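Geometric and topological summary
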Amino acid sequence: MTLFARIFTTKTLLRIVFVLAATVMMKALSAHFDFSWAKALAQG
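These lines cover the structure that appears in this document, whether it is placed above or below.

Cut-offs applied
Residues numbered from 1 in each chain as written. Predicted model: local features only at pLDDT ≥ 70, side-chain atom pairs only at ≥ 80, totals over all residues. Heavy atoms only, no water. Helix = DSSP H or I, 4+ residues; strand = E, 2+ residues; numbered from the N terminus. Buried < 20%, exposed > 50% of the residue type's maximum accessible area, 1.4 Å probe, protein only. Areas by Shrake-Rupley, 256 points an atom, 1.4 Å probe, with all protein chains shown as cover. Expected span 1.5 Å × (residues − 1). Patch = residues over 30% accessible without salt bridge, like charges linked within 9 Å, V, L, I, M, F, W, Y side chains within 5 Å. Salt bridge = Lys/Arg side-chain N within 4 Å of Asp/Glu carboxyl O.

What follows concerns the overall build of the protein. Along its length, the protein carries three helices and zero strands. Taken from N to C terminus, the helices and strands of the protein fall in the order α-α-α. Counting only C-alpha atoms, the protein reaches 45 × 20 × 15 Å along its principal axes. Looking at the 44 residues of the protein, the share that counts as buried comes to 2%. For the protein, the exposed area adds up to about 4,300 Å²; of that, 74% sits on carbon and sulfur atoms.

Set out below in structure tokens:
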């Protein structure tokens, strides 16, 4: 448990949660607007 606590500090956990939330938001917006980031990047 000490190893777990050492690796996952509050800062790290908050960062992980933030990244996951941002990813979910981008996916939701993409689905809503029928927009694909992969297509947009491929077109340049």
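The discussion continues.
The end-to-end C-alpha distance of helix α2 (residues 10-33), which contains 24 residues, comes to 34 Å, matching closely the 34 Å that a straight helix rising 1.5 Å per residue would cover. Within α2, only one of the 24 residues are buried, leaving the element largely exposed. A positive backbone phi angle near 55 degrees is found at Asp-34, which sits one or two residues after α2.

On to a nonpolar patch on the surface, then. Where nonpolar side chains cluster on the molecular surface, the patch consists of Leu-3, Phe-4, Ile-7, Phe-8, Leu-13, Ile-16 and Leu-20 and spans about 650 Å² of accessible area. Those elements that place two or more of their residues in the nonpolar patch are α1 (2-7) and α2. Relative to the elements of secondary structure, Ile-16 occurs in helix α2. Judged by relative accessible area, Ile-16 falls into the partly exposed class, the value being 37%.

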